[in-house]
Amino acid sequence: MTDQSWPLYEVFLRGKRGLNHVHVGSLHAADAEMALRHARDLYTRRNEGVSIWVVKASDITASSPDEKDPFFKPSGDKVYRHPTFYDIPADVPHM
Amino acid sequence: MTMTSDQDLEAHFEDTIARDRRIEPRDWMPERYRATMIRQIAQHAHSEIIGMQPEGNWITRAPSLRRKAILLAKVQDEAGHGMYLYSAAETLGADRGDLTGKLITSRQKYSSIFNYPTLSYADVGVIGWLVDGAAICNQVPLCRSSYGPYARAMIRICKEESFHQRQGYELLLTMMRGTQAQRDMVQDATDRFWWPSLMMFGPPDDASPNTEQSMRWGVKRHTNDDLRQRFVDMTVPQAEKLGVTLPDPDLRWNEERGHFDFGAVDWDEFKAVVSGNGPCNAQRLARRKAAHEDGAWVREAALAHAAKHDDRQRKSGEEERFLLTPEATHD
Amino acid sequence: MSFAEPGFDTGDDNPYDLLAEDHDGGHRWAFGTGFADPLEGVDTSVPDGLDPGALVRFCLALGDDALIYSHRLQQWVARLPELEEETAVANIALDLLGQARMLLARAGGIVGQTEDQLAFFREEKEFRNVRLAEHADADFAELVVRLLLFSTWRLALFESLAGSESRPGAADPVLAAIAAKGVNELAYHRDYAASWVVRLGDGTPLSHAKAQAALDTLWPPAGELFRPDPDALAAVDRDAFDAVLDTVLGTAGLDRPAAAPLAAVAGRAGRDGVHTEAMGYILAELQSIARAHPEATW
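In this convention, every chain numbers its residues from 1, walking through the sequence in written order. Following the order in which they are written, the chains are lettered starting with A and the ligands numbered starting with 1. Where local features are concerned, this predicted model is filtered to residues with pLDDT of at least 70; where side-chain atom pairs are given and counted, the filter is 80 or more; whole-chain, interface and lining totals use all residues. Neither water nor hydrogens contribute to the side-chain values; these are computed over all heavy atoms in the structure.

(A) Inspection of the overall build of chain C at higher detail. Secondary structure follows DSSP: runs of H or I at least 4 residues long count as helices, runs of E at least 2 residues long count as strands, and numbering of each begins at the N terminus. Across its full length, chain C carries nine helices and zero strands. In sequence order, the secondary structure elements of chain C are arranged as α-α-α-α-α-α-α-α-α. Relative accessibility decides the category of a residue: with a 1.4 Å probe and only protein chains considered, values under 20% of the type maximum give buried, values over 50% give exposed, and everything between is partly exposed. A buried classification covers 58% of the 298 residues belonging to chain C. Partitioning the intrachain contacts of chain C with sequence separation of at least 6 by distance along the chain shows that 80% fall at a separation of at least 24. Methods summary: accessible areas were calculated by the Shrake-Rupley approach with a probe of 1.4 Å, and residue burial reflects only the protein chains presented. Surface accessibility of chain C: about 11,400 Å² in total, with carbon and sulfur atoms responsible for 53%. Residue contacts follow a heavy-atom distance rule, with two residues in contact if any of their heavy atoms lie within 4.5 Å.

This is the structure we're talking about:
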């Protein structure tokens, strides 16, 4: 059986003195409980006063940062490029 | 709305770089830039993870409980740094499991310094002082990397690593003020790690083909030789304060240049280590590979459980949570 | 080359600034002040009416449990199935090491020895840890099952020692304070272990088999946690322990073993300084560098 990765979760934190949640990065977890726990370990060093949101990356729909910019790509896309878009052949050097 | 041409997209990309602004995950970027970034970030991440091993080997033998706690926290930080970096690479479409596979099969590299053995407790201090010191020299410029997620991860990493360097140096100061055996241990560790630390900056500029393109794109902000020189200039006074001798008879201040002159690096040793024949290459990779492969059944179990759990929730329509200790769930 | 370089602007939207705030008194950071003196600022006199000898022996027991247990977790560094588990397990090891330091410092303060003298210069037969703490986990299943058993017991004990509004805690205020700090940590450890035991028990057939095998292996040494200890200043209710275990095992689909506790050796076990064959190797590793430089300061 191929070794499937745990899904990617995006992590948002609101600090003790913060007004809103801020995106701080991502991590892998098998389920939401684990994602919360790991987010606390990794992004807050278990600080109890921080509020954490974890969201599966695949559940996030994003717009382009510069909607009015003539260089924007079609909106409503996934927040990150999907890994399978970029299938690099095995014989490409240094990849 | 007409589609913008590739030419216009490329011009916008180049303009963003020229104005020293950040490229973000959803911006258009040349394929070469994306591939170079993934490789650079991934190899940096691999270095953090592999770097856990040479220092991790001394946690159980730390000679005081305080040093044990400090070292354990440091190694834990390194795991965290690896994770921030893998996350940054994933914003470019990479997959962490795939990157791990490339590391294990040597298709991607990690910093060659971790292919050297740690042979005494003084090595822990010297790694903090010299290896983290060199890493900081390399990494502070990366805080202005053109790629946003990488730059932001580097800011946090640099803050933590500067503390690690201070902890390492503080251990060495304590040892140098201690017994003769401790002082000998520090000198011995310095003798073994000085030249490999200089090698951390990579081959000399005249032997580095990718530097020019990388510098144009803000992937790299200083040349290898520039950074190596900065490191030497910073470190020589630190060595004097410690009371250790750096193992280079050609090291001397050059008044004209305003820098320290130093001796020739053994690039043959560097090549041997980078190509897989270093003292610890096989052992470092084997351990990473074993952890990953031995752990496959655990990762699969977690996924299987999550799938069953989702299934049950869908059927019952109720949220199923398993917690022994109540905690706030919504905010 | 520092952050004070002119023009070095991290931007006003950098979330990492929030993360560099000092949490928890710097306890968890390598550079924090929490590493210097474990009982800094605490009044360490022994209250009247308390037998100092029993207090010392009890603090050593709980301190040695944590010290040796942390040692086994430290051996898992760079061997775990996923990077997130590396951070989680290192956190647990660091918590237990912190508890060990405070408990050894409490005992040491009474007998005139430092935490390091106790950790590095006692002989094997002077260590009071239970044999469960010495066990080398054969795989990740044993890691989480053993942690579930140990942390469930230790959390219940620490809750008792910390006391509450309705129930007084330990007569020694220092021990009560150490226990109060440890309760949050141990609740986290127990939840971590329980979540994993459930995932493994109710995961794949392979993980289920490994989890059951781990439980069968670890049940007898876990029995030692309930051996009567004349120096114990609190005890854990066996029924309460079983109730927690049954909840987890039930959810995990695992069977509670019926095996008897591990036998003693001529009536003596871990708390009496009689350990498993693994203990000699543990101490050789833990103590070797310190002992090679008995006059050194680190």
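Still more to cover.
(B) Seen up close, the overall build of chain B. Looking only at helices and strands, one finds twelve helices and two strands in chain B. What you see in chain B, going N to C, is helices and strands ordered as α-α-α-α-α-α-α-α-α-β-β-α-α-α. Seen through its C-alpha atoms, chain B measures out along the principal axes to roughly 75 × 55 × 40 Å. Across the 331 residues in chain B, those meeting the buried criterion constitute 59%. His is not counted, nor are the chain ends; Lys and Arg add positive charge and Asp and Glu add negative charge. Lys charges are placed at NZ, Arg charges at CZ, Asp charges at CG and Glu charges at CD. The average position of the 43 basic charges and that of the 49 acidic charges among the side chains of chain B differ by 4 Å.

(C) Expanded view of the sheet that holds strand β1 (residues 8–14) of chain A. Residue and element names in this part refer to chain A. With antiparallel pairing, the three strands of this open sheet are ordered in space as β2-β1-β3. Single-partner strands in this sheet number two, and they are β2 (22–28) and β3 (51–56). Mean inter-strand twist for the sheet, computed between neighbouring axes without regard to direction, equals 30°. DSSP bridges decide pairing: two strands pair if at least two such bridges lie between them. Pairing of β1 with β2 involves six bridges; the strand directions are antiparallel. In the strand pairing of β2, Leu8 is matched with His28. Whenever a helix is involved, its axis is fitted only over the stretch in contact; in every case the axis is a line through C-alpha atoms, and angles between N-to-C directions fall within 0 to 180 degrees.

(D) Main features of the packing of aromatic side chains. Centres within 6.5 Å are what make two rings of Phe, Tyr or Trp a pair, Trp counting through its six-membered ring; a difference in plane orientation under 30 degrees is then read as stacked, over 60 as edge-to-face, and the rest as tilted. Summed over the entire model, instances satisfying the criterion amount to 14 aromatic pairs over all chains. Ring centres of Tyr43 of chain A and Tyr84 of chain B lie 5.5 Å apart, and the angle between their planes is 35°; on these two criteria the pair is classed as tilted. Here the residue Tyr43 of chain A occupies a position in helix α1 (residues 32–44), and Tyr84 of chain B occupies one in helix α3 (residues 65–90), the pair thus bridging two chains. Considered together, Tyr43 of chain A and Tyr84 of chain B belong to a single accessibility category, that of buried residues. Judged by centre distance (6.2 Å) and plane angle (80°), the ring pair of Phe13 of chain B and Trp28 of chain B falls under edge-to-face. In this pair, Phe13 of chain B sits in helix α1 (residues 6–18) while Trp28 of chain B sits in the loop between α1 and α2 (31–56), placing the two residues 15 residues apart along the sequence. Taken together, the ring pairs connect Trp6 of chain A together with Phe140 and Trp196 of chain C into an aromatic cluster. The cationic tip of Arg122 of chain C hangs over the ring face of Phe127 of chain C; the distance from NZ or CZ to the ring centre is 4.1 Å. We call a charge positioned over a ring when the NZ of a Lys or the CZ of an Arg lies within 6 Å of the ring centre and within 35 degrees of the ring normal. Over the ring of Trp196 of chain C we find Arg199 of chain C, and its NZ or CZ is 4.8 Å from the ring centre.

(E) Broad picture of the packing of helix α11 (residues 281–294) of chain B against helix α12 (residues 296–316) of chain B. Residue and element names in this part refer to chain B. Across the interface, α11 lies against α12 with an axial gap of 4 Å and an inter-helix angle of 35°. Here α11 contributes His292, Glu293 and Asp294 to the contact with α12, which in turn contributes Ala296, Trp297 and Arg299. By the convention adopted, Pro, Cys, Tyr, Trp, Phe, Met, Ile, Leu, Val and Ala count as nonpolar, Lys, Arg, Asp and Glu as charged, and the other residues, Gly among them, as polar. Its residues assigned to classes, the contact of α11 with α12 comprises two nonpolar, one polar and three charged.

(F) Layout of empty space enclosed by the protein. Grid spacing is 1 Å over the protein atoms alone, the probe is 1.4 Å, and a cavity is where that probe fits but cannot get out, while a pocket is an open set with protein on both sides within 12 Å along at least five of seven lines and lining residues have an atom within 4 Å of a point. Grid points are joined across faces, edges and corners, and a volume is the space filled by probe spheres set on the points. Applying the stated criterion across every chain yields a total of four cavities of 30 Å³ or more. Empty space within the largest cavity amounts to approximately 120 Å³. Among the secondary structure elements, those contributing two or more residues to the lining of the largest cavity are α3, α5 (121–139) and α6 (148–176) of chain B. Looking at side-chain class alone, the lining of the largest cavity contains six nonpolar, five polar and two charged residues. In this structure, the second largest cavity spans a volume of roughly 60 Å³. Lining of the second largest cavity is provided by Ile49, Met52, Gln53, Arg287, Arg288 and Ala291 of chain B together with Ala78, Leu83 and Glu86 of chain C. Among the secondary structure elements, those contributing two or more residues to the lining of the second largest cavity are α2 and α11 of chain B together with α3 (83–111) of chain C. Across the lining of the second largest cavity, the residue classes break down as five nonpolar, one polar and three charged.

(G) Representation of the confidence of the model for chain B. A residue's pLDDT is the predictor's confidence in that residue, given on a scale from 0 to 100. A residue-level look at chain B finds 94% of positions with pLDDT of 70 or above and a mean pLDDT of 90. Between residues 327–331 of chain B, whose pLDDT stays under 50, and residues either more than four places distant or in other chains, the model counts five contacts.

(H) Layout of the nonpolar core. Core analysis: the biggest nonpolar cluster contains 202 residues, and Phe140, Leu161 and Trp196 of chain C have the highest contact counts within it. Look past the residues within four positions of Trp196 of chain C in its chain and what remains in contact with it is Trp6 and Met34 of chain A, Val298 and Ala302 of chain B together with Glu85, Phe140 and Val144 of chain C. Here, the term nonpolar core denotes a set of buried Ala, Val, Leu, Ile, Met, Phe, Trp, Tyr and Cys residues that are joined through side-chain atoms within 4.5 Å.

(I) Looking closely at the confidence of the model for chain C. Residues and elements named next belong to chain C. Residue-level pLDDT values for chain C average 88, and 87% of them are 70 or greater. Across residues 1–35 the pLDDT falls below 50, and counting only partners more than four positions away or on other chains, this stretch makes 73 contacts in the model. Overall fold confidence (pTM) sits at 0.89, and the ipTM for the predicted complex is 0.92.

(J) Structural context of the interface of chain B and chain C. With 63 residues of chain B at the interface, the matching set in chain C holds 74 residues. Where chain B abuts chain C, roughly 6,300 Å² becomes buried across the two surfaces, and 70% of that area is made up of carbon and sulfur atoms. By definition here, a salt bridge exists when the distance from a side-chain nitrogen of Lys or Arg to a carboxyl oxygen of Asp or Glu is within 4 Å. The shortest N-O distance in the salt bridge between Asp202 of chain C and Arg312 of chain B comes to 3.1 Å. Here a polar contact is taken to be a pair of N or O atoms separated by no more than 3.5 Å, where protein atoms must pair a possible hydrogen donor with a possible acceptor and residues adjacent in sequence count only if both atoms sit in side chains. Counting across the interface, chain B meets chain C through 13 residue pairs in polar contact (both at pLDDT 80 or more). Two parts placed together each lose some accessible area; with a 1.4 Å probe, that loss summed over both constitutes the buried area.

(K) Structural context of the environment of Glu85 of chain C. In this fold, Glu85 of chain C is placed in helix α3. Apart from the residues within four sequence positions on either side, Glu85 of chain C is in contact with Trp6, Met34 and His38 of chain A together with Leu80, Tyr192 and Trp196 of chain C.

(L) Summary view of the environment of Arg107 of chain B. Within the secondary structure, Arg107 of chain B is located in the loop between α4 (96–104) and α5. When neighbours within four sequence positions are excluded, Arg107 of chain B is seen to be in contact with Arg39 and Lys102 of chain B.

(M) Structural view of the pattern of salt bridges. Considering all chains together, one arrives at 39 salt bridges over all chains under this definition. Two residues, Arg19 of chain B and Asp15 of chain B, come together in a salt bridge whose shortest N-O distance is 3.1 Å. Residue classification places Arg19 of chain B among the partly exposed residues on the basis of a relative accessible area of 46%. The exposure class of Asp15 of chain B is partly exposed, given its relative accessible area of 37%. Notably, a salt bridge pairs Arg256 of chain C with Asp242 of chain C, separated by 3.7 Å at the nearest N-O pair. With Arg256 of chain C in the loop between α8 (238–252) and α9 (278–292) and Asp242 of chain C in helix α8, this pair connects stretches of sequence that are 14 residues apart. Via salt bridges that share partners, Arg57, Asp65, Arg128, Asp229, Asp231 and Arg271 of chain C belong to a single interconnected network.

(N) Summary view of helix α9 (residues 224–242) of chain B. Residues and elements named next belong to chain B. Helix length check: α9, at 19 residues, gives a terminal C-alpha distance of 27 Å against a target of 27 Å (1.5 Å per residue), a fit within 8%. Along α9, the residues that are buried comprise Asn224, Leu227, Arg228, Gln229, Phe231, Val232, Asp233, Thr235, Val236, Ala239 and Leu242. Where α9 is buried, its residues contact α5, α6, α7 (180–199), β2 (259–261) and α10 (267–277). Positive backbone phi, approximately 90°, marks Gly243, located one or two places after α9. For a helix, the expected span equals 1.5 Å multiplied by the residue count minus one.

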